[in-house]
Amino acid sequence: MIYVTSDLHGSFKEFKELLKLINFNDDDYMYILGDVIDRGDEPIELIRYIMNSPNIELLMGNHEYMAMIILKLLIREIDNDKTVDEVLTPDFYENYNIWVNYNGGITTLKQFIDLDNRELQKDIVDFLGSLPLYETLEIDDHLYILSHTFGYNNFNKDKDLDEYFIDDLLMDRVSYDKNYYNNDHIHIITGHTPTPLIREDGKPKILHINNHIDIDCGACFEGGALGCLKLDTMEEYYIKHIERQKRP
């Protein structure tokens, strides 16, 4: 069976519950459409689990992209024996501020530093840099385009997917009122935008509209859920946000 989920944001507990719920085994395959790090409690443990799972494929999300820029720079510059002033440039501060202060990167950064294992840290950064921006799947007579998001501003139905920019597939928002390809056999599956923000009923459930499928159900947010779709049958699965004990 082929499963798709997205935007776990450090929700490792919910992810393990999801794997139990769907009885995920070695014969199954799962695509995660980015944003497994930041905001939640266990981003580094989650990404290490994915790195060691041959039948789980992570696509690049905007949070992985932001983390990669900062973590790669930190490791490279420290290894090159640069001074603090040489590492902490204005560009570094700008990217750091966007990631940590506006996108919840502080949990990822702290847990990354706490690893205290340079080789493992390098492996994580290399893994982040190797993530694909999209995947395509054909099931029966349907083509599924998987990516973190799919902006409409630069969209052209005749354009090859390799021609799109980082912003198109990682940053921009989907235009849900448009059927991009005007073809009922082509479906775009994305995360990035939590469905409670765009569903009329405000529920944390997968959204199907105009051949778009949004599976970001706000896993790391109070009242949200981790949504998962089995592409073979279009069955939906949900794990509610697990209440966490507040830190003292």
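Each remark here, short or long, concerns the structure printed above.
Okay, so let's go over this structure. (Residues numbered from 1 in each chain as written. Predicted model: local features only at pLDDT ≥ 70, side-chain atom pairs only at ≥ 80, totals over all residues. Heavy atoms only, no water.)

With respect to the state of the cysteines
Stage number 1. Within the structure shown, the criterion is met by zero disulfides.
Stage number 2. Cys217 takes part in no disulfide bond, and the closest cysteine sulfur to it belongs to Cys228, at a distance of 10.0 Å.
Stage number 3. Of the residues examined, Cys217 reaches a relative accessible area of 1% and is grouped as buried.
Stage number 4. The thiol of Cys220 is unpaired, and the distance to the nearest cysteine sulfur, on Cys217, comes to 12 Å.
Stage number 5. According to the relative accessible area criterion, Cys220 is buried, its value standing at 15%. (Disulfide = S-S within 2.5 Å. Buried < 20%, exposed > 50% of the residue type's maximum accessible area, 1.4 Å probe, protein only.)

Re the side chain of His192
Stage number 1. Checked against the element boundaries, His192 lands in the loop between β6 (186–190) and β7 (207–209).
Stage number 2. Engagement of the side chain of His192 in a polar contact is seen with the backbone oxygen of Met171, the distance being 2.9 Å.
Stage number 3. Contact partners of His192, with chain neighbours within four places excluded, come to Asp7, Asn62, His148, Thr149, Leu170, Met171, Asp172, Arg173 and Asp216. (Helix = DSSP H or I, 4+ residues; strand = E, 2+ residues; numbered from the N terminus. Polar contact = N/O pair within 3.5 Å; in protein donor to acceptor, adjacent residues only side chain to side chain. Contact = heavy atoms within 4.5 Å.)

Brief notes about unusual backbone geometry
Stage number 1. A positive phi angle, close to 50°, is found at Asp116, a residue other than glycine.
Stage number 2. Within the element layout of this structure, Asp116 appears in the loop between α6 (106–114) and α7 (118–129).
Stage number 3. Given the relative accessible area of 72%, Asp116 is considered exposed.
Stage number 4. Of note in the backbone geometry, His192 takes a positive phi value of approximately 75° without being a glycine.
Stage number 5. Residue classification places His192 among the buried residues on the basis of a relative accessible area of 9%.

A short note on the nonpolar core
Stage number 1. Of all hydrophobic cores here, the largest spans 44 residues; its most connected members are Phe15, Leu18, Met30 and Ile32.
Stage number 2. Broken down by element, this core gets its largest block of residues, seven residues, from helix α3 (residues 62–79).
Stage number 3. Core analysis: the second largest hydrophobic core is formed by 16 residues, Tyr31, Ile206, Ile213 and Leu229 among them. (Core = buried A, V, L, I, M, F, W, Y, C linked by side-chain atoms within 4.5 Å.)

Quick word on the pattern of salt bridges
Stage number 1. Summed over the entire model, instances satisfying the criterion amount to six salt bridges.
Stage number 2. Of the charged contacts in the structure, one is a salt bridge between Glu17 and Lys20, with a shortest N-O distance of 4.0 Å. Of this pair, Glu17 and Lys20 both sit in helix α1 (residues 12–21), three residues apart, which is roughly one turn of that helix.
Stage number 3. Of the charged contacts, one joins Asp158 and Lys157 as a salt bridge, the two residues approaching to 3.9 Å between their closest N and O atoms. (Salt bridge = Lys/Arg side-chain N within 4 Å of Asp/Glu carboxyl O.)

Quick word on the packing of helix α5 (residues 90–103) against α6
Stage number 1. Between α5 and α6, whose axes approach to 7 Å, the crossing angle comes to 105°. Between α5 and α6, the interaxial angle falls into the category roughly perpendicular. When α5 is examined against α6, the residues Tyr96, Trp99 and Val100 are found in contact with a partner set consisting of Ile106, Thr108 and Leu109.
Stage number 2. Among the residues making up the contact of α5 with α6, the classes are represented as five nonpolar, one polar and no charged. (Axes fitted to C-alpha atoms, helices over the stretch in contact; angles between N-to-C directions. Parallel < 35°, antiparallel > 145°, perpendicular 65-115°, else oblique. Nonpolar A, V, L, I, M, F, W, Y, C, P; charged D, E, K, R; others polar.)

A few points about the sheet that holds β7
Stage number 1. Taken in spatial order, the five strands of this open sheet run β4-β5-β6-β8-β7, and their pairing is mixed. Of all strands in the sheet, those with a lone pairing partner are β4 (134–139) and β7, marking the two edges. For this sheet the average axis-to-axis angle between neighbouring strands, irrespective of direction, equals 20°.
Stage number 2. One ladder, built from six bridges, connects β4 with strand β5 (residues 142–147); its direction is antiparallel. The partner of Ile139 across the bridge, within β5, is His142. (Pairing = 2+ DSSP bridges.)

Some details on α5
Stage number 1. If you check α5, its first and last C-alpha atoms are 19 Å apart, about what 14 residues at 1.5 Å a residue would give, namely 20 Å.
Stage number 2. Along its length, α5 shows its largest kink, about 25°, at Asn97.
Stage number 3. Residues of α5 that are buried include every one of Phe92, Trp99, Val100 and Asn103, and no others.
Stage number 4. Downstream of α5 by a residue or two, Gly104 has a phi angle that is positive, lying close to 70°. (Expected span 1.5 Å × (residues − 1). Bend = angle between axes of the 7 residues up to and from the residue.)

With respect to the packing of α1 against helix α2 (residues 43–51)
Stage number 1. Packing of α1 against α2 brings their axes to within 9 Å, and their N-to-C directions diverge by 35°. Every residue of α2 that contacts α1 at Phe12, Phe15 and Leu19 is listed here: Glu45, Leu46 and Tyr49.
Stage number 2. Residue composition of the contact of α1 with α2, by class: five nonpolar, no polar and one charged.

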